[in-house]
Amino acid sequence: MSHTLYVPRRPRVPLFAVLAGLLLSGCGVNNIPTYDESAKAKWSDVQNQYQRRADLIPNLVETVKGYAAQEREVLTQVTEARAKASQIKVDASTVTDPAKFKEFQDAQNALTGALGRLLVTVERYPDLKSNQNFLALQSQLEGTENRISVARRDYIDSVRAYNTELKTFPGVIWASTLYRSYKPMETFTVAEDLAKPPTVKF
Amino acid sequence: MLCRFRAAWDRVILGVLLCVVAVAAYALTFPELTGRVVDDAGILDPSTKAALERKLAEFETKTTGQLVVVTLKSLQGTSIEDYGYQLGRHWQIGQKEKNTGALLVVAPNERKVRIEVGYGFEGTLTDAVSKLIIENSIIPRLRANDFAGGIGRGVDDIIQAVSVDSEEWKARAKRRPDDEPSLLDVLALLFFLFVFFMIVRSVARQDRGYAQTGAGPRRGARGPIFIPIPGSWGSSGSSWSGGFPGGGGFSGGGSFGGGGASGSW
């Protein structure tokens, strides 16, 4: 009993400082910033992949125009959806702002939908479908969509870890003391129906 | 006594529940990485398999890239794209620093084939190149039920595509963000520097205290600090990959992000 209340002599103070350091890091004092960084890295991956898709679209639209210029409606839809998605300013604060995040997600989903309709329309043009340039673009687009879904899933997982850390013990202690500026992040609502090709009536 | 037994029993139940959750999160089961050709579906005869193994081993020593052929009994209800990247990550094909790994996945029962490309190969083995290899080299042979021919030709083409100016892409693969020092490393360093500084300062203060008065500790002395002791400490959080059991001795820690192409026949 006496040794806990005892005012420590000289060598004890460094000992306590070292112990405090080790114990604090053991209490997960670093977890919130770590998970935050990891989620932000995953978020920039998501952005990269969406950007990659946006970069592919002008070429794709041009190629399709060469064979199917009469499909003006669906081509315009794609171009407009792309423009709308690119207009949205996205930065690190987007992930903690539900309204901005929803705006981003909706715009990208609209572009996904428009692209799906374009690819269905293309089925009616055998010449275009056998065009090497188009095949290359199409495979890149498929690959990018796949990368987007992987990046989204990685992001969802790391946000889940981060948000859980903010709300559970011992993270909740640090969240309410040291890391008050750290807010929970938004995540994608998985809309499986968007992944399916849309049905188009001719 | 009974109470302690109950507590221990509760802990066991909790442990079991956690295990169940962990398994449920994984959902997919993966075949064991037994070699450079994993013929889970059993569509390759031993001599073809041995020849492929030799070819892939040679490729690995020459280029430091890693290519693994896998045939699957079942995709377990998911798409080949989904299964492919998770399998690549699970096996950690490719070197950790460069992520130069690729998988040729064949699922004969679903009639699907996919080239899954690691981050480091995405520059040379692009989606378009992968698609061409699948459509032109692999699928025509698989349609004719020539699995050995289709897979063999696919492997040749992938090796050729990847071997072209691999030096340039090696540099690019190194720039993956995963390999950069994380913020945690910096924070940990700063924290320890801070602790070190505190120690030095408190020691210095006390020394001065002793020197001036010659009496016991005055200013530097404070009451003991009480901190709850956690169950474990020192979880640094930095990624230690390459620790998967059953890695067959050559899974290098490479990662995958969904690059590549698929086809069906």
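Description of the structure in this document. Only a predicted model underlies this, so the values are computations on that prediction, with no experimental measurement involved.

Looking now at the overall build of chain B. When its secondary structure is counted, chain B shows seven helices and five strands. For chain B, the sequential pattern of α-helices and β-strands runs α-β-α-β-α-β-β-α-α-α-α-β. Considering chain B as a whole, with its 265 residues, one finds that 41% of them fall into the buried category. For chain B, the exposed area adds up to about 14400 Å²; of that, 60% sits on carbon and sulfur atoms.

Residues and elements named next belong to chain B. Together, Val186, Leu189, Leu190 and Leu193 make up an exposed nonpolar region whose accessible area comes to about 380 Å². Checked against the element boundaries, leucine 189 lands in helix 7 (residues 183–213). Assessed through its relative accessible area of 55%, leucine 189 is described here as exposed.

The next point concerns the packing of aromatic side chains. All names here are of chain A. Under the criterion given, the structure shown has twelve aromatic pairs over all chains. On the basis of an interplanar angle of 20° and a centroid distance of 6.3 Å, the ring pair of phenylalanine 101 and tyrosine 155 is categorised as stacked. Taken together, the positions of phenylalanine 101 in helix 5 (residues 98–122) and tyrosine 155 in helix 7 (residues 132–167) put the pair 54 residues apart, joining distant regions of the chain. For the pair phenylalanine 101 and tyrosine 155, one class covers both residues: buried. Three or more aromatic residues joined by ring pairs form one cluster here, namely Trp43, Tyr50, Phe101, Phe104, Tyr155 and Phe188. Against the face of phenylalanine 188 rests arginine 152, its NZ or CZ located 4.3 Å from the ring centre.

So, on to the pattern of salt bridges. The tally for this structure, following the rule as stated, stands at 21 salt bridges over all chains. Note that arginine 36 of chain B is salt-bridged to glutamate 60 of chain B, the shortest N-O span being 2.8 Å. Linking arginine 36 of chain B in the loop between helix 1 (2–26) and strand 1 (37–39) with glutamate 60 of chain B in helix 2 (residues 46–63), this pair joins segments that are 24 residues apart in sequence. Note on glutamate 60 of chain B: relative accessible area 16%, which makes it buried. For lysine 55 of chain B, the salt bridge is made with aspartate 156 of chain B, and the minimal N-O distance between the two is 2.8 Å. Of this pair, lysine 55 of chain B sits in helix 2 while aspartate 156 of chain B sits in helix 5 (residues 147–163), and the two are 101 residues apart along the sequence. Relative accessible area serves as the criterion here: at 28%, lysine 55 of chain B is assigned to the partly exposed category. In this structure, a network of salt bridges that share partners links the residues Arg52 and Arg147 of chain A together with Glu122 and Asp127 of chain B.

Turning next to empty space enclosed by the protein. All chains considered together, the criterion is met by three cavities of 30 Å³ or more. If you trace the largest cavity, you find eleven residues lining it, with Asp45, Gln49 and Ala151 of chain A together with Tyr119 and Gly257 of chain B closest to the centre. Among the elements of the structure, helix 3 (31–67) and helix 7 of chain A are those that each provide at least two residues to the lining of the largest cavity. Broken down by element, the residue count for the lining of the largest cavity peaks at four residues, all from helix 7 of chain A.

Right, let's get into helix 3 of chain A. Here helix 3 of chain A spans 54 Å end to end across 37 residues, near enough to the 54 Å set by a 1.5 Å rise per residue. Along helix 3 of chain A, the sharpest kink reaches roughly 30°, centred on isoleucine 57 of chain A and followed within four residues by the proline proline 58 of chain A.

On to the packing of helix 3 of chain A against helix 4 (residues 72–87) of chain A. Residue and element names in this part refer to chain A. Packing of helix 3 against helix 4 leaves a shortest axis separation of 11 Å and a crossing angle of 165°. Put simply, helix 3 runs roughly antiparallel to helix 4. Note that helix 3 runs across helix 4; the crossing there is left-handed. Of the residues in helix 4, those in contact with Ala54, Ile57, Pro58, Val61, Val64 and Lys65 of helix 3 are Leu75, Val78, Thr79 and Arg82. Class assignment of the residues belonging to the contact of helix 3 with helix 4 gives a composition of seven nonpolar, one polar and two charged.

Residues and elements named next belong to chain B. Within strand 2 (residues 66–71), six of the six residues are buried, which leaves it mostly tucked inside the rest of the structure. Bridge count between strand 1 and strand 2: three bridges; the pairing is parallel. Each bridged residue has a counterpart across the sheet, and for valine 38 the counterpart in strand 2 is valine 70. With six bridges joining them, strand 2 and strand 3 (residues 101–107) adopt parallel strand pairing. Residue pairing in the sheet places leucine 67 in a bridge with alanine 102 of strand 3. Traced from strand 2 through helix 3 (residues 80–91) to strand 3, the parallel crossover comes out right-handed.

What counts as what
Residues numbered from 1 in each chain as written. Chains lettered and ligands numbered in written order. Predicted model: local features only at pLDDT ≥ 70, side-chain atom pairs only at ≥ 80, totals over all residues. Heavy atoms only, no water. Helix = DSSP H or I, 4+ residues; strand = E, 2+ residues; numbered from the N terminus. Buried < 20%, exposed > 50% of the residue type's maximum accessible area, 1.4 Å probe, protein only. Areas by Shrake-Rupley, 256 points an atom, 1.4 Å probe, with all protein chains shown as cover. Patch = residues over 30% accessible without salt bridge, like charges linked within 9 Å, V, L, I, M, F, W, Y side chains within 5 Å. Salt bridge = Lys/Arg side-chain N within 4 Å of Asp/Glu carboxyl O. Phe/Tyr/Trp six-rings, centres within 6.5 Å; stacked < 30°, edge-to-face > 60°. Lys NZ or Arg CZ within 6 Å of the ring centre and 35° of its normal. 1 Å grid on protein atoms, 1.4 Å probe; cavity = no way out; pocket = protein on both sides within 12 Å on 5 of 7 lines; lining within 4 Å. Points joined across faces, edges and corners; volume = space filled by probe spheres on them. Expected span 1.5 Å × (residues − 1). Bend = angle between axes of the 7 residues up to and from the residue. Axes fitted to C-alpha atoms, helices over the stretch in contact; angles between N-to-C directions. Parallel < 35°, antiparallel > 145°, perpendicular 65-115°, else oblique. Left-handed = near helix turned anticlockwise from the far one by under 90°. Contact = heavy atoms within 4.5 Å. Nonpolar A, V, L, I, M, F, W, Y, C, P; charged D, E, K, R; others polar. Pairing = 2+ DSSP bridges. Right-handed = clockwise from strand over helix to strand, strands pointing away.

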